[in-house]
Amino acid sequence: MYLKEFFEFIYDRLNLALDTLDYLYLVATIGLSILIYSKTHGILLAIIFFISISILAIWLLENSVFLLASLFLSLLAVSLYYTHTLWIFSIVYALFCYAYWYYFGKDPELGSVKIEYSLSEELDPLTASFIFKEDIDTFDIVASIYNLIRKGEIDVEIQKNDIYLKKKSGDNLLSKPEMFLLDRVFIMTGVEIAAMGINLKKDEFPEVVSFGHVLENILKWEPAFLRVVEEHVVDSGYYDYAPVLQRKYTKYLSGILFMAFVAITSYSLRFSSIIGYSKVLFNIVIPGIIPPVATYILSLYVTKRTEKGMDTYRKVLGFREFLRRVERPKLTY
C-alpha cells in the first residue's frame, strides 16, 4: 500500500517536472554525471544512481534551484575532469547569466515618453519614487508626509519653535506605504515614549507629533520603508519579484563564487611548479574569475518590471520631465 502511494507520488512529481525547467535540469544533470562516472563505475550504475538522486531532489526539495545547482556542479566536474580547465564551465555560466537576465530580469521596452502633467492619486510618492529609482530616501518620506497633508490625512499646526503634525481621519483610500507612514509617525512615536518608561494608556497615544522629531528619526526608518514599499510594488503588480532582494542575493552568490575561485586557485597553485604558472593562469585563474564577475554584473542589472510597472515608470519619467521643464524654472525666480 505504502509502496504504491510512493510511486504514485513520484509519478505526479515527474509529471509536474515535465511542465517546468526541472525536466531540463534533470536530463542535463544525469547526462553530465554519466560522462563523469561512466569510466569508473559503469554507465548503468551511473544512470541508476543519479536518477535516484534527482528523483529524491524533486520529491524532497520541490525546487528547481537545487537541480540547477547540481547541473552546474556536474558541469564544473566535467570541465575539470576532461579538459583540465575552467573555460567550459565559465563560458556556459556566463551565457546562463545573460540568458537569465534576458528572459527573467529584463524590463519590457520603454517606448516613447510623453509629458505627464500629473500622476494618478493612487500612486503615492514612495511607490512612484521606488518605481523610478528602485530605492527610498528621506526626501521620499518627507514628500509622502506632505502628500498626506494635501490629502487631509494630516493637519499642520505651526508654533513658534516647531511644526506639529496632527492626525486626522480622512476618507481617502490610502496605499500600504501611506498607512505604514501614518502608523510610523503617530503610533510608533507613542511606543517610543512608552519605551522610555512613561506609562501611556491606549487613548493617550499621541495624536500630535513634532515634525522635528519626525525629521530626526527618518534616517532610522528608511530600511523599514524600503521593505514595505518593495513588498507593495510586487503585490500591486508593478514588479514580478522584489528587485532589491534579488540584487542582494545575487551579490551574495557572487561573493560565494569568488571565495570558491580563491579556493580553487590556491589549490591549483600548489601544482604550478609541475604544471607551469602560465598554464595555471590561462586554464584556472583567468576563466575562474568569469563566474563571480558575471554574477556581480547580473546583480547590477537584474530587475523585472511588469507591463503595468513599465507603463507607470514611463508616466513617472514624463511627470519628472514636466517638473524639470515647467515647475523648476518657476521656483528659481
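Coordinates for the structure precede this section.
In this text the structure is predicted, and so the values were computed from the model without any measurement. (Residues numbered from 1 in each chain as written. Predicted model: local features only at pLDDT ≥ 70, side-chain atom pairs only at ≥ 80, totals over all residues. Heavy atoms only, no water.)

Caption draft 1: Structural view of helix H10 (residues 243-269). If you check H10, its first and last C-alpha atoms are 39 Å apart, about what 27 residues at 1.5 Å a residue would give, namely 39 Å. Considered for burial, the residues of H10 that qualify are Pro-243, Gln-246, Arg-247, Thr-250, Ser-254, Leu-257, Phe-261, Thr-265 and Ser-268. (Helix = DSSP H or I, 4+ residues; strand = E, 2+ residues; numbered from the N terminus. Expected span 1.5 Å × (residues − 1). Buried < 20%, exposed > 50% of the residue type's maximum accessible area, 1.4 Å probe, protein only.)

Caption draft 2: Unusual backbone geometry, seen in detail. Here the phi dihedral of Glu-134 falls at roughly 55 degrees; this positive angle occurs in a residue that is not glycine. With respect to the secondary-structure elements, Glu-134 resides in the loop between helix H6 (125-133) and helix H7 (138-151). Classification of Glu-134 by relative accessible area gives buried; the value is 12%.

Caption draft 3: Highlighting the nonpolar core. With 32 residues, the main nonpolar core has Ile-136, Leu-165, Val-185 and Val-214 as its most contacted residues. If one sorts the elements of this core by residue count, helix H9 (residues 211-235) sits on top with eight residues. Of all hydrophobic cores here, the second largest spans 14 residues; its members include Phe-72, Cys-97, Ile-284 and Val-302. (Core = buried A, V, L, I, M, F, W, Y, C linked by side-chain atoms within 4.5 Å.)

Caption draft 4: Focus on the packing of aromatic side chains. Counting across every chain of the model gives 14 aromatic pairs. With centroids separated by 6.1 Å and ring planes inclined at 55 degrees, the aromatic side chains of Tyr-249 and Tyr-252 adopt a geometry described as tilted. Of this pair, Tyr-249 and Tyr-252 both sit in helix H10, three residues apart, roughly one helical turn. Taken together, the aromatic side chains of Tyr-98, Trp-101, Tyr-102 and Tyr-103 make up a single cluster linked through ring pairs. Its guanidinium or amino end placed over the ring of Tyr-313, Arg-305 lies 4.1 Å from that ring's centre, counting from NZ or CZ. (Phe/Tyr/Trp six-rings, centres within 6.5 Å; stacked < 30°, edge-to-face > 60°. Lys NZ or Arg CZ within 6 Å of the ring centre and 35° of its normal.)

Caption draft 5: Main features of the packing of H6 against H7. Between H6 and H7, the shortest axis-to-axis distance is 8 Å and the interhelical angle comes to 145 degrees. Facing H6, whose interface residues are Pro-125, Leu-126, Ser-129 and Lys-133, H7 presents Asp-140, Ile-141, Ala-143, Ser-144 and Asn-147. Of the residues belonging to the contact of H6 with H7, the class tally is four nonpolar, three polar and two charged. (Axes fitted to C-alpha atoms, helices over the stretch in contact; angles between N-to-C directions. Contact = heavy atoms within 4.5 Å. Nonpolar A, V, L, I, M, F, W, Y, C, P; charged D, E, K, R; others polar.)

Caption draft 6: Highlighting the pattern of salt bridges. Applying the stated criterion across every chain yields a total of eleven salt bridges. In this structure, the salt-bridge partner of Glu-321 is Arg-324, at a minimum N-O distance of 2.4 Å. Within this pair, Glu-321 and its partner Arg-324 are both found in helix H14 (residues 307-332), separated by three residues, close to a single helical turn. A residue is classified by how much of its surface remains accessible, and Glu-321, at 17% relative accessible area, is buried. The class for Arg-324 is partly exposed, based on a relative accessible area of 45%. In the salt-bridge network here, residues are joined through shared partners; they are Asp-107, Glu-134, Arg-247 and Arg-305. (Salt bridge = Lys/Arg side-chain N within 4 Å of Asp/Glu carboxyl O.)

Caption draft 7: Focus on helix H5 (residues 87-105). Taking 1.5 Å per residue, 19 residues should reach 27 Å; H5 reaches 25 Å between its end C-alpha atoms and fits that length. Residues of H5 that are buried include every one of Phe-89, Ser-90, Tyr-93, Cys-97 and Gly-105, and no others. Looking down the long axis of H5, one finds its buried residues gathered within 95 degrees of arc, a one-sided arrangement. Relative to its buried face, H5 has exposed residues pointing more than 90 degrees away, namely Leu-95 and Tyr-103. (Arc of directions from axis to C-beta.)

Caption draft 8: How the structure looks around the pairing of strand S2 (residues 163-167). Note: strand S1 (residues 154-158) against S2, five bridges, orientation antiparallel. Within S2, the position partnered with Ile-158 by the bridge is Ile-163. In textbook terms, the turn of a hairpin is the stretch between consecutive antiparallel strands, and for S1 and S2 this stretch comprises four residues. In terms of strand pairing, S2 meets strand S3 (residues 208-210) through three bridges, oriented antiparallel. Paired with Tyr-164 across the strands is Ser-210, a residue of S3. (Pairing = 2+ DSSP bridges.)

Caption draft 9: Here's a closer look at the packing of H10 against helix H12 (residues 277-288). One way to put it is that H10 packs onto H12 with a least axis distance of 9 Å and a crossing angle of 170 degrees. Comparing their axes, H12 and H10 come out roughly antiparallel. Counted together, Phe-261, Ile-264, Thr-265, Ser-268 and Leu-269 of H10 and Val-280, Ile-284, Val-285 and Gly-288 of H12 form the full contact between these two elements. Considered class by class, the residues forming the contact of H10 with H12 number six nonpolar, three polar and no charged. (Parallel < 35°, antiparallel > 145°, perpendicular 65-115°, else oblique.)

Caption draft 10: Highlighting the sheet that holds S2. The antiparallel open sheet is built from three strands, whose spatial order is S1-S2-S3. Each edge of the open sheet is held by one strand with a lone partner, namely S1 and S3. Averaged over neighbouring strand pairs, the angle between their axes works out to 30 degrees when direction is ignored. Across the sheet, H9 is in contact with S2 and S3; its angle to S3 comes to roughly 60 degrees.

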